[in-house]
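Listed below are the residues making up each chain.
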Amino acid sequence: MHDLRALRADPDAFDADLKRRGEPPVAAAIVELDRERRAAETALQECQAQRKALSKEVGALRRTGADSSEVEARSAALRERMETLATQVADLDAKLRGTLECLPNRLAADVPDGRDESGNIVRHTWGTPRVMDFAAKEHFELGEALGLMDFETASRLSGARFVVLRGALARMERALGQFMLDLHTRENGYDETSVPVLVNDEAMYGTDKLPKFADQSFRTTDGRWLVPTAEVPLTASVGGEILSADTLPRRMVALSSCFRSEAGAAGRDTRGMLRQHQFQKVEMVSITAPEDSEAEHERMTRCAEMVLERLGVPYRRMLLCAGDTGFGAARTFDLEAWLPGQKAWREISSCSTTRDFQARRMNARYRAADGKPAFVHTLNGSGLAVGRTLIAVMENGQNEDGSITVPEVLWPYMGGTQVIMAGAK
């Protein structure tokens, strides 16, 4: 998760990165823990070598009939010492690992300072928000008036933060997912992948979701996890492997259901589909050699932007500041779509490079040019969140009579439907 050699070489730089995220300095404590662990390991190895030599001495004495009891006593004392040292090494290793696994990724140098989203920087904007000569409605107002978006039934079935879509809106949700997959596989070079939505601890840990974000995910009674994003199984699919350099970059895309507990989100976006416990998302994942990951981050973000451009949804690209960058990311670009009903820009995609942060956690490597295994870099991005894209299409395509104009690229997926009206199938 973190390169200890780099940390030992420049602990001040490590602490400086943490400070940008609002975290306290820890490098000195980590270096001391590491020193104690390595000292204990060295002592254990020395004891092992000494005991091996004593074993040979005992054997030699026994072959000659000489008394070996004194040497055997020394060997027994060494064994007890080795057991103590082995416990000490294990305890120090667990303490060191427990400290490191809860520390966020180091930030890329171009990530701006800032404590929260107010410090994010607009990199560029695409499209012009439509001027409407009527009062724009929010998506849930449109959907409920059309009789195609049912929160009441969903609440009876599952509780808050769920929705039942019917007729043309259910079809549009499916159409959006299919359109995104087709675009990313046919034009953007991603391999379509169908993944499990139940994963084990190792997959969640390797993709930095455990232990820090356990409360934000759902766990089954048999100890598996419902995926918060297809990033988890897609990225974890290379865990423990040594990949051939000529197979990189590896680009994968999946449409899956995602599940999030939304812990800490009480009172936020309680109306509508913006913040749901269950939603559909098209996820892009790239596995690259380190020298290619910067270009891949830009490429991935452009792939996500293409979806919004084809749909005609105005958006802006944001470079997240230090305080708003996620735990596992070295740098993140957010795409924010314009929602006329809210009169606001809202996140619809996040594209992040984690560099080797996840690869170290899951031991994902490739054979470098020198023939030695080296950690890959991993990247992930929403291409896009389907439910939020449905919201953006609805609000930007709304008409004064409450109908919704369907973007032209979706017509083939909608059976030719160009406008959604009340009761539309």
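Here, residues in each chain are numbered from 1, in the same order as that chain's written sequence. It should be noted that, the model being predicted, local features are given only for residues of pLDDT at least 70 and side-chain atom pairs only at 80 or more, the latter also being counted only at that level, while totals for whole chains, interfaces and linings use all residues. Side-chain numbers come from the whole structure's heavy atoms, not from hydrogens or water.

> Please explain the pairing of strand E15 (residues 377–385) as it appears in this structure.
Consecutive side chains along a regular strand alternate between the two faces of the sheet. Under the scheme applied here, a residue whose accessible area is under 20% of the maximum for its type counts as buried, over 50% as exposed, and between as partly exposed, the area being computed with a 1.4 Å probe on protein chains only. Counting from the N terminus, the helices are the DSSP runs of H or I reaching at least four residues and the strands are the DSSP runs of E reaching at least two. The buried fraction of E15 is high, at nine of nine residues. At least two bridges found by DSSP between two strands are what make those strands a pair. As defined by bridge partners, strand E9 (residues 278–288) adjoins E15 across seven bridges and the pair is classed as antiparallel. Opposite Met284, over in E15, you have Gly381 as the bridge partner. Here strand E12 (residues 344–355) runs beside E15; their pairing, made up of four bridges, is antiparallel. Looking at E15, one finds that Arg355 is bridged to Thr378.

> Is there a simple way to explain the sheet that holds E12 in this structure?
The strands that make up a sheet pair up through hydrogen bonds in the backbone, lying either parallel or antiparallel. If you trace the eight strands from one edge of the open sheet to the other, you get E1-E10-E11-E12-E15-E9-E8-E4, paired in mixed fashion. A single partner strand is all that each edge strand has here, and the edge strands are strand E1 (121–126) and strand E4 (191–192). Here strand E11 (residues 331–339) runs beside E12; their pairing, made up of nine bridges, is antiparallel. By the bridge assignment for E12, Leu339 is matched with Ala344.

> Is there a simple way to think about the packing of aromatic side chains in this case?
Both the distance between ring centres and the angle between the ring planes are used here to describe each pair of aromatic rings. Pairing of aromatic rings covers Phe, Tyr and the six-membered ring of Trp, with a centre-to-centre limit of 6.5 Å; geometry is then stacked below 30 degrees between planes, edge-to-face above 60, and tilted otherwise. Tallied over the full model, the rule gives five aromatic pairs. Plain terms: the ring middles of Trp126 and Tyr315 are 5.8 Å apart, the flat faces sit at 15 degrees to each other, and that makes the pair stacked. With Trp126 in strand E1 and Tyr315 in strand E10 (residues 315–319), this residue pair connects regions lying 189 residues apart in the sequence. What makes Trp126 partly exposed here is its relative accessible area of 31%. For Tyr315, a relative accessible area of 1% corresponds to the buried category. With a centroid separation of 6.3 Å and 70 degrees between ring planes, the pair formed by Phe179 and Tyr413 is classed as edge-to-face. Highlighted residues: Phe179 in helix H7 (residues 167–186) and Tyr413 in the loop between strand E16 (404–405) and strand E17 (419–420), separated in sequence by 234 residues. Given a relative accessible area of 6%, Phe179 falls into the buried group.

> What is the right way to read the pattern of salt bridges from this model?
Side-chain pairs of opposite charge can arise whenever the charged atoms involved come near each other. Any carboxyl oxygen of Asp or Glu that lies within 4 Å of a side-chain nitrogen of Lys or Arg is treated as forming a salt bridge with it. Scanning the model with the defined rule gives 32 salt bridges in all. A salt bridge links Glu72 to Arg62, with the shortest nitrogen-to-oxygen separation between them at 2.5 Å. With Glu72 in helix H4 (residues 69–100) and Arg62 in helix H3 (residues 27–64), the pair connects residues that are ten residues apart, well separated along the chain. Of the charged contacts, one joins Arg316 and Glu336 as a salt bridge, the two residues approaching to 2.7 Å between their closest N and O atoms. Here the residue Arg316 occupies a position in strand E10, and Glu336 occupies one in strand E11, the gap between them amounting to 20 residues. What you see here is one network of salt bridges that share partners, running through Arg8, Asp34, Arg37, Arg38 and Asp93.

> Sorry if this is basic, but what is going on with the UniProt feature "coiled-coil region" (unreviewed entry) in the protein chain here?
Sequence positions flagged by UniProt for "coiled-coil region" (unreviewed entry) are, in local numbering, residues 30–95. From the first C-alpha to the last, residues 30–95 spans 10 Å; its make-up is 94% helix and 0% strand. UniProt positions are given in the numbering used here, feature names are shortened, and annotations may be inferred rather than shown by experiment.

> Please explain the state of the cysteines as it appears in this structure.
As used in these notes, a disulfide is a covalent bond between sulfur atoms, one from each of two cysteines. Note that a disulfide, as used here, is simply two cysteine sulfur atoms within 2.5 Å. Considering all chains together, one arrives at zero disulfides under this definition. This cysteine, Cys321, is not joined by any disulfide, and Cys351 carries the nearest cysteine sulfur, 17 Å off. Looking at Cys321, the relative accessible area reads 0%, which means it is buried. The thiol of Cys351 is not disulfide-bonded; the next cysteine sulfur, from Cys303, is found 8.5 Å away. Residue classification places Cys351 among the buried residues on the basis of a relative accessible area of 0%.

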